[in-house]
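Chain by chain, the residues:
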Amino acid sequence: MKTLGELAEVIRSKNAGPFIVTFDILFETEEVFEAVRSAGLLSRQAVCGLYGVSDNELLGFDFYPFARAVKFSLRRPVGSGGPRDADVYGAQQHAPLLDLAVLP
Amino acid sequence: MIEQKRGDEFVVVSNGMLGYGFREESLRDAVAAGVDLIACDAGSSDPGPYYLGTGKPFVGDAMILRDLRLMVQAGADAGVPLIIGSAGGAGGDGQVDHLLTLLGRVMEELGLDRKVAVLRSELDRGTVRAAVEEGRVRMFETGAELTVEDVDAAAHIVAQVGPESYFRALAGKPDILVVGRAWDVSNIAALPLMQGRDRGLALHMGKILECGSLAARPTGGGDLILGRLRDDHFIVEPTHPEKACTEASVSAHTFYEKSDPVMLAGPGGSVDLRRTRFDQIDPRRIRVSGSAFREAERYTVKLEGARLAGHRALTVGGARDPAFIRSIDTIQEAVRDKIRETQEGFIDPSQYSITFHRYGLDGVMGAWEPNRQAAHELGILIDVVAETPEIAEAVCGLARSTILHVPFEGRRATAGNIAFPFSPAEIPAGPVYEFNIYHLMEIDEPESFGRLEWLQ
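**A word on helix H12 (residues 328–342) of chain B**
Residues and elements named next belong to chain B. For H12, with 15 residues, the first-to-last C-alpha span of 21 Å sits near the 21 Å given by 1.5 Å per residue. Taken residue by residue, H12 has Ile 328, Ile 331, Val 335 and Ile 339 as its buried positions. One side of H12 holds all its buried residues, which, seen down the axis, span an arc of 70°. Seen from the buried face of H12, the exposed residues on the opposite side, beyond 90 degrees, are Asp 329, Thr 330, Glu 333, Asp 337, Arg 340 and Glu 341. Close packing links the buried residues of H12 with helix H11 (322–326), strand E17 (352–359), strand E18 (378–386) and helix H13 (389–405).

**A look at the environment of B:Asp362**
Along the chain, B:Asp362 falls in the loop between E17 and E18. Separated by eleven residues in the primary sequence, B:Asp362 and B:Gln373 place their C-alpha atoms 9.1 Å from one another.

**Regarding the interface of chain A and chain B**
Opposite the 37 residues of chain A that make contact, chain B presents 36 residues. Of all the elements in the fold, those that place two or more residues in the side of chain A that touches chain B are strand E2 (10–15), strand E3 (20–26), helix H3 (44–51), strand E4 (58–64) and strand E5 (69–75) of chain A. Residues belonging to the side of chain A that touches chain B are distributed by class as follows: 19 nonpolar, twelve polar and six charged.

**Concerning the sheet that holds strand E8 (residues 176–179) of chain B**
Residue and element names in this part refer to chain B. Overall, mixed pairing links the ten strands, which are arranged E13-E14-E10-E9-E1-E2-E3-E8-E4-E20 in an open sheet. The open sheet is flanked by strand E13 (277–282) and strand E20 (451–455), the only strands paired with a single partner. Strand-to-strand twist of the sheet, defined as the mean angle between neighbouring strand axes without regard to direction, takes the value 20°.

**Concerning the nonpolar core**
B:Ile38, B:Val178, B:Val236, B:Val384 and B:Val395 are the most contacted members of the largest nonpolar core, which totals 128 residues. For B:Val178, the residues in contact, after removing those within four places along its chain, are B:Ile84, B:Ala87, B:Val96, B:Leu99, B:Leu100, B:Leu103, B:Val116 and B:Val118.

**A look at the pairing of E3(A)**
Residues and elements named next belong to chain A. Within E3, seven of the seven residues are buried, leaving the element largely enclosed by the surrounding structure. Turn length for the E2-E3 hairpin, with the two strands adjacent in sequence and antiparallel, is four residues, and the turn residue Gly 17 shows positive phi of about 80°. The pairing of E3 with E5 spans seven bridges and is antiparallel. Bridging from a neighbouring strand, Ile 25 pairs with Val 70 of E5.

**Focus: the sheet that holds E2(A)**
All names here are of chain A. Here we have four strands laid out as an open sheet, ordered E2-E3-E5-E4, and antiparallel in their pairing. Strands at the two margins of the open sheet, each flanked by one partner only, are E2 and E4. Averaged over all pairs of adjacent strands, the angle between their axes in this sheet comes to 10°, without regard to strand direction. Bridge analysis of E2 against E3 gives six bridges, and the strand direction is antiparallel.

**Examining the confidence of the model for chain B**
Looking at chain B, the pLDDT average stands at 96 and 100% of residues meet or exceed 70. Note on the complex model: pTM 0.95, ipTM 0.95.

**Digging into the pairing of strand E1 (residues 10–15) of chain B**
All names here are of chain B. A large share of E1 lies buried, amounting to six of its six residues. Neither face of E1 is exposed, since Phe 10, Val 12 and Ser 14 on one face and Val 11, Val 13 and Asn 15 on the opposite face are all buried. Across four bridges, E1 lies against strand E2 (residues 37–41) in parallel orientation. If you follow Ser 14 over to E2, its bridge partner there is Ala 39. Chirality of the crossover, the property in question, places the unit of E1, helix H1 (residues 24–33) and E2 among those that are right-handed.

**A short note on unusual backbone geometry**
Of note, the amide linkage connecting B:Arg217 to B:Pro218 takes the cis form, showing an omega dihedral of -10°. Phi at A:Arg68 takes a positive value of approximately 50°, unusual for a residue other than glycine. For A:Arg68, the location among the structural elements is in the loop between E4 and E5.

Parameters and conventions
Residues numbered from 1 in each chain as written. Chains lettered and ligands numbered in written order. Predicted model: local features only at pLDDT ≥ 70, side-chain atom pairs only at ≥ 80, totals over all residues. Helix = DSSP H or I, 4+ residues; strand = E, 2+ residues; numbered from the N terminus. Expected span 1.5 Å × (residues − 1). Buried ≥ 20, exposed ≤ 12 C-beta atoms within 10 Å, placed from the backbone. Arc of directions from axis to C-beta. Contact = placed C-beta atoms within 7 Å. Nonpolar A, V, L, I, M, F, W, Y, C, P; charged D, E, K, R; others polar. Pairing = 2+ DSSP bridges. Axes fitted to C-alpha atoms, helices over the stretch in contact; angles between N-to-C directions. Core = buried A, V, L, I, M, F, W, Y, C linked by C-beta atoms within 7 Å. pLDDT = per-residue confidence, 0-100. Right-handed = clockwise from strand over helix to strand, strands pointing away.

What follows is the structure, given as structure tokens:
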């Protein structure tokens, strides 16, 4: 059992404009990227489960071989820096991904 | 060591954020090797709507002056233009004026008399209202259509201008071009595009260079970055001798801060990266090829507007009692109810909002937090945003005294529920803005968009 935290080189979240937070998971080698991809545990369902969102709220979940990366985005509950926001830069929303088991 | 500029290439050295600093030798070495342009981004929507709403800069004058001195002098030494986009942070007219004041000081200090063009992109409400009424404004990532009411409520509205809007200014051969809110790519791509170079490559190069050395490793210690645009590819290289651009660093940066990493949307169309290749040509440099421009049906610019959302007062305290921590959800509701009841007839709940940020439970992630296990102590930030500063402070004070004494299940400590670190516990925190416009506006003639001025 291996988690994303053990396998990925970069796991980050960041604003993509004031209304979207985008998540990047980058792998160092093609081998690890392909292993994670074919294991199928890093999936739309897994991400939806982690963030408590429904499938139609998850934007653009995809694997990008050219960058050995996985990317998805979420619409923010409130706009960046407005009332009730808790993370103006959106840079601390990645942590639940660290413990996701992605290889059996 | 930076290689000498070749005759057939367009070389740009880029500063990712005016005032965030760079290594002085980096600029000197780049200029010595030959550059065609010094480009500099000076803004972002990242620090939030406050800066657009108030017109205040988010980088201090002293830091801006330091970068400006070096870049203005380098531009004069090399005899190449300096382009600064998103002046003042959010790019509103007042922020552009502030940057021009600083620029004037720098030119005087350096004894330089440079030809300065200014392209402003703040829009008056009438212009945007007309666009809404003519159906030229499209919904974007807010999930809501723009209304005339939104336009009227905005304190400032700016448009992110594309590179085509720079052409008119650049045709007049300015030494320095200062632009209001700009698509960050424009600062780098406008001049090569005007010279007829490949659109897909020029825009993609702009996208990679616009954050400065963030596309190089190691990322710590911001610096400049250099791009060489050639006929069928471009090269990205760091100006810092200890940094390197690698396949991973450059392709990873292609992902940064954007939701679609293979179609980079901007004014006029998108850069299609599906056939892009990133090749390591030596340990420090990457060659990028294959990026293609796909023209959109209509040319659009992104509008940004911020409106006053209210005035803030806040208080911070800590809870250590396990029974209190277990009951935090019901305690919050009790605090809200109590304030509503005691203020009936005086302050209406529609005049304020109270947000409890519960650090140690879900303060960072809110509803997205999957781990609902509370820590042994909670930091509680009570954030009140209200119609007036007086209401914000009154409600915040009530929230403070109520949460201090509100009863809850299993309470043994009847003297007070929260440890407040400060006296007074409430902090008035000024006006709060929110982005209420983030939409796309169709324009017919990008080349004549924006207001151009010349300064002597």
